[in-house]
Amino acid sequence: MNYRCPVCQKTLKLKERTLVCDNRHSFDLAKSGYVNLCRNFKPTQGDNKEMVQSRTAFLEKGYYHALADEMVKIVSEMNPAVLFDCACGQGYYTRQMKEATTGEVHAFDMSREAILHASKKDKASSYVIASIFDLPAFNQSVDCITVLFAPTATEEFHRVLKQDGVLITVGPGEDHLFELKAAVYDQPYKNDDTPAVLDGFKLVEQRFVEDEILVECNEDIQALFMMTPYTYKTSEKDMQKLRALNTLKTRVHFSICVYKKK
Ligand SMILES: C[S@@+](CC[C@H](N)C(=O)[O-])C[C@H]1O[C@@H](n2cnc3c(N)ncnc32)[C@H](O)[C@@H]1O
Ligand SMILES: [Zn+2]
């Protein structure tokens, strides 16, 4: 699949290690193989190095393997010709989904750190710095979009998906990390896992993945906490409770929603 030039929207073609359009806009592939096709790229966008390293350390220990396994199962059954993993982060799920399909896998994220890490580790997928709200892709060119723990760019996904294309979103289920929240907060609450209503899409399935994990050291517990939105809104008093934990058994609970175009 060819990308669309982010400047003039013509087709980008690969010449040696550069993507070029007929209007001679050109984008060099980095040493690790990724390309930056972001229209207004600022190096500070997306997750920073610390966030990427912390999430990588946690994910690579396999704590969320139950979700990865389910994504692999879905993708291998579907075997899409073109899959876009949007807001792919450091490619933990991308890499495994690529192994489950004979099709092309393209992955997009605004964070250079995340894309750099992903492209070093996985040579089979194509990694691109781009906003998922401004994808360098032609209309109706994609069979499947996955978006895990990231915003849904509904209009843009609708534009690039083929008429029979499938959108898969993943977010926290009701009980996700409940025991982690109970260890930190006086009043932990459950997540709302009602599927989002997305303009132009109909929900065809919601499925859940559940597991119980034993997080074995404080470093991993803190890494896990940093991956959650709670990290931004936790008081110093509650953070101290987190720092005092040495092991944690907690449920992980994921909601997978499958949408098709109306
Ligand atoms: C919580 S992480 C999830 C990463 C990956 N999907 C995973 O589950 O491991 C959210 C990611 O969304 C990216 N992101 C946020 N807004 C974005 C946007 N508008 N375009 C592309 N990436 C975006 C961040 O840089 C970050 O890597
Ligand atoms: Zn161009």
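Notes on the structure in this doc start here. This one's a predicted model, so the numbers in the text were calculated from it and none came from an experiment.

### Focus: the overall build of the protein chain
A count of helices and strands for the protein chain gives eight helices and 11 strands. Here the C-alpha atoms of the protein chain give a radius of gyration of 19 Å, agreeing with the 18 Å that 2.2 N^0.38 yields for 262 residues. Projected onto its principal axes, the C-alpha coordinates of the protein chain cover approximately 60 × 40 × 30 Å. The buried share among the 262 residues of the protein chain stands at 40%. Restricting to contacts in the protein chain with at least 6 residues of sequence separation, those with at least 24 account for 63%.

### Quick word on the site of ligand 1
Contacts to ligand 1 come from 19 residues, most closely from Gly46, Ala87, Gly89, Ser111 and Leu148. Along the lines of polarity and charge, the residues of the shell around ligand 1 split into 13 nonpolar, four polar and two charged.

### Considering the environment of Arg39
Note on placement: Arg39 falls in the loop between β4 (35–36) and α1 (49–60). Residues Arg39 and Cys5, 34 residues apart in the sequence, show an inter-C-alpha distance of 9.6 Å. When residues no more than four places from it in sequence are discounted, the contact partners of Arg39 are Pro6 and Asp134.

### Some remarks on helix α7 (residues 218–226)
Of all the residues in α7, the buried ones are Ile221, Ala223, Leu224 and Phe225. On its buried face, α7 is in contact with α1, α6 (178–184), β10 (201–215), α8 (236–243) and β11 (248–261).

### Some points on the pairing of strand β8 (residues 142–148)
The buried fraction of β8 amounts to six of the seven residues, a majority that puts the element mostly inside the structure. The pairing of β8 with strand β9 (residues 161–172) spans six bridges and is parallel. Bridge pairing in β9 links Thr146 to Ile168. What joins β8 to β9 is helix α5 (residues 154–160), and the crossover it makes is right-handed.

What counts and what doesn't
- Residues numbered from 1 in each chain as written.
- Chains lettered and ligands numbered in written order.
- Predicted model: local features only at pLDDT ≥ 70, side-chain atom pairs only at ≥ 80, totals over all residues.
- Helix = DSSP H or I, 4+ residues; strand = E, 2+ residues; numbered from the N terminus.
- Rg over C-alpha atoms; globule rule 2.2 N^0.38 Å.
- Buried ≥ 20, exposed ≤ 12 C-beta atoms within 10 Å, placed from the backbone.
- Contact = placed C-beta atoms within 7 Å.
- Near = placed C-beta within 6 Å.
- Nonpolar A, V, L, I, M, F, W, Y, C, P; charged D, E, K, R; others polar.
- Pairing = 2+ DSSP bridges.
- Right-handed = clockwise from strand over helix to strand, strands pointing away.

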